[in-house]
Structure formats: structure tokens, C-alpha cells
Amino acid sequence: MFKEMKKVFFIIIILVMTILFILSVDIEYGNPKNLDVANYYVDQGLHDTGAINLVAAIYLGYRAYDTLIETIVLFVAVTGVVFYLRGKR
Amino acid sequence: MGSSKIIRTIVQKLFPFIVLFGLYLISHGHLSPGGGFQGGVVIGTAIILLALSYGIEKTEKKFENKRLSMLEKLGILTFIFLGFLGIFMGHSFLGNFLPLGKPGQIASGGLMLLFNIAIGIEVATGVSIIFYALVKYRGEI
């Protein structure tokens, strides 16, 4: 039962990947259509945040939420490493 | 334990410069490539280097594990506190309420410098705490 389901899943995955590959043959890469947000960041980044480093302007200015959660992820990772390495006390 | 005298001497001379470079990366994060994460990892590497050459006991006398983990919590709480301070000053959460200043100077960018310092403290102490835990509970130097 389980083995047959595995085979069916394998065939489905192969089929989906083939379809996706056929569909993506004639897509032009490196030529995105929607550049509004990126152009806005490049134009207004210095004026909005006051930082001449555009990367810092994005990750600490426009997307500070992202950085906050990233810091929390690191904190949780440190806590987890210490917790599991310490073992039973 | 610890390494030979040559390595210990070189690490002793090198340590302040590595920490200085890390502080530079953190404090100039909004002006040049770098920032809190990178500078914090550099400072954490300095502590790891000290532990590798001098042994974990001597390093723990200088940089206590308890104090480091307190600093880590302080860093992340500073970040969240600054975020809520933005609400109280009449902006959004994590909104900038300081003056933007002149572009290119170190006192520009508003809250960015404080964010970078908080992230730097958090990353530096986090990296060294992970190293301490690996050494103390899973093997020795």
C-alpha cells in the first residue's frame, strides 16, 4: 500500500516537473516587469531614511520588522542550542 | 589546556584590533557595507579565538557565560523597546522618531545606529554562548 502510493507520488512529481519545465522554456529571465518598488527604494531611500547605505536603508528602515524577527530567530536558536546540549540535569 | 606561547602572544596582540574592527563595522553599518550582524560575528570570533588559544576556563573568567547571556537578552529587549518607543513618540512600531541628520555623517539615519548596536550585542554574545555550550557540554579544547 505505502510502496504503491510512493510510486504514484513519484510519477505525479515527475509529471508536474515536466509540465513546469515545458511551460518555462520560453520565459525571458533577467527581465522583470514590475520594478516599481525597487525603483522607489533606489530613488527615495536616502530621502526617507537618511542612510547612504541602501542595504541598511532597506533592512533597518523599510523592513525593520523583518530584522526584528530575524534577531528573535537567532535568540531562539541560541536558546535551543544551549537547551539541547545541556541535556538532563 | 591552551595553545603554545607563540599563538597566545599573537592572539593577545590581535584581540583588541579584532574587537575594534567589529565595533567599526557595527557603528558604520548605515554608511558602509557591514552592520550589526557582521560586526557582531566579528566580535564573537574574537572571543572564540581567545577561548581557543587560552582555554575555556581563563576565557570564562573574563567573559562570564551568565553576563554574556544577560547582555544577549538586553540587546534583544533594547530592539523591542526602541520599536515601542516609536509608538509612544507618535509614529508606527519601529518608526523613526530621531532627526535624520546630514547624509554621510555617523549621526545620520535616525534610529539605525541604535538598531545596529542592539543587533551587534545580540549576535556577538549569541555566537560566543553557542561556542561555550558546544565546548562545555560536547567535548573540550
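Only a predicted model underlies this, so the values are computations on that prediction, with no experimental measurement involved. Every chain is numbered independently, its residues counted from 1 as its sequence is written. Note on labels: chains are lettered from A, ligands numbered from 1, in written order. Local features in this predicted model are restricted to residues of pLDDT 70 or higher, and side-chain atom pairs are both shown and tallied only at a pLDDT of 80 or more, whereas totals for entire chains, interfaces and linings draw on every residue.

## Describing the overall build of chain A
This is how it is decided: Secondary structure is summarised from DSSP: a helix means a run of H or I of at least four residues, a strand means a run of E of at least two, and numbering begins at the N terminus for each. Only C-alpha atoms enter the radius of gyration; for comparison, a globular chain is expected to reach 2.2 Å times N to the power 0.38, where N is the number of residues.
Looking only at helices and strands, chain A features 4 helices and 0 strands. Overall, chain A shows an N-to-C arrangement of helices and strands of α-α-α-α. Against the 2.2 N^0.38 benchmark of 12 Å for 89 residues, chain A shows a C-alpha radius of gyration of 23 Å, more extended than a compact globule. Each principal axis of the C-alpha distribution contributes one length, and for chain A these read about 60 × 60 × 15 Å.

## Remarks on the interface of chain A and chain B
So the rule is basically this: It is the C-beta atoms, placed from the backbone, that decide contacts: two residues are in contact if theirs lie within 7 Å. Each residue is assigned to one of three groups, with Ala, Val, Leu, Ile, Met, Phe, Trp, Tyr, Cys and Pro labelled nonpolar, Asp, Glu, Lys and Arg labelled charged, and all others, Gly among them, labelled polar.
With 22 residues of chain A at the contact, the number on the chain B side is 29 residues. Of all the secondary structure elements, the ones that give two or more residues to the side of chain A that touches chain B are α2 (36-49), α3 (54-62) and α4 (64-86) of chain A. Residue contributions to the side of chain A that touches chain B peak at 12 residues, all from α4 of chain A. The class makeup of the residues in the side of chain A that touches chain B is 15 nonpolar, 6 polar and 1 charged.

## A look at the environment of Ile 18 of chain B
Residue and element names in this part refer to chain B. Assignment of secondary structure puts Ile 18 in helix α1 (residues 5-27). Sequence-wise, Ile 18 and Phe 84 are 66 residues apart; in three dimensions their C-alpha atoms are separated by 33 Å. Beyond its immediate stretch of four places on either side in the chain, Ile 18 contacts Val 42, Thr 45 and Ala 46.

## Topic: the confidence of the model for chain B
The predicted structure's coordinates, where accompanied by low pLDDT, should not be read in detail. Stated formally: Residue-level confidence of the predictor is what pLDDT reports, using numbers from 0 through 100.
When pLDDT is averaged along chain B, the result is 90, and 97% of the positions lie at 70 or above. Averaged pLDDT values for the elements of chain B fall to 90 in helix α3 (residues 56-62) of chain B and rise to 94 in α1 of chain B.

## Description of the environment of Ser 92 of chain B
Residue and element names in this part refer to chain B. Put simply, the test is: As a rule, residues whose C-beta atom has 12 or fewer other C-beta atoms within 10 Å are exposed, those with 20 or more are buried, and those in between are partly exposed; C-beta atoms are placed from the backbone.
With respect to the helices and strands, Ser 92 occurs in the loop between α4 (65-88) and α5 (112-137). Residue classification places Ser 92 among the exposed positions, given that 11 C-beta atoms sit within 10 Å. Considered as a pair, Ser 92 and Ile 43 are 49 residues apart in the sequence and their alpha carbons are 32 Å apart.

## Quick look at α4 of chain A
Stated formally: A helix's residues, less one, multiplied by 1.5 Å, set its expected span.
If you check α4 of chain A, its first and last C-alpha atoms are 33 Å apart, about what 23 residues at 1.5 Å a residue would give, namely 33 Å. The complete set of buried residues in α4 of chain A reads Ala 64, Thr 67, Leu 68, Thr 71, Leu 74 and Val 78 of chain A. Each element contacted by the buried residues of α4 of chain A is listed here: α3 of chain A together with α4 and α5 of chain B. Positive phi appears at Gly 87 of chain A, one or two residues downstream of α4 of chain A, with a value of about 70°.

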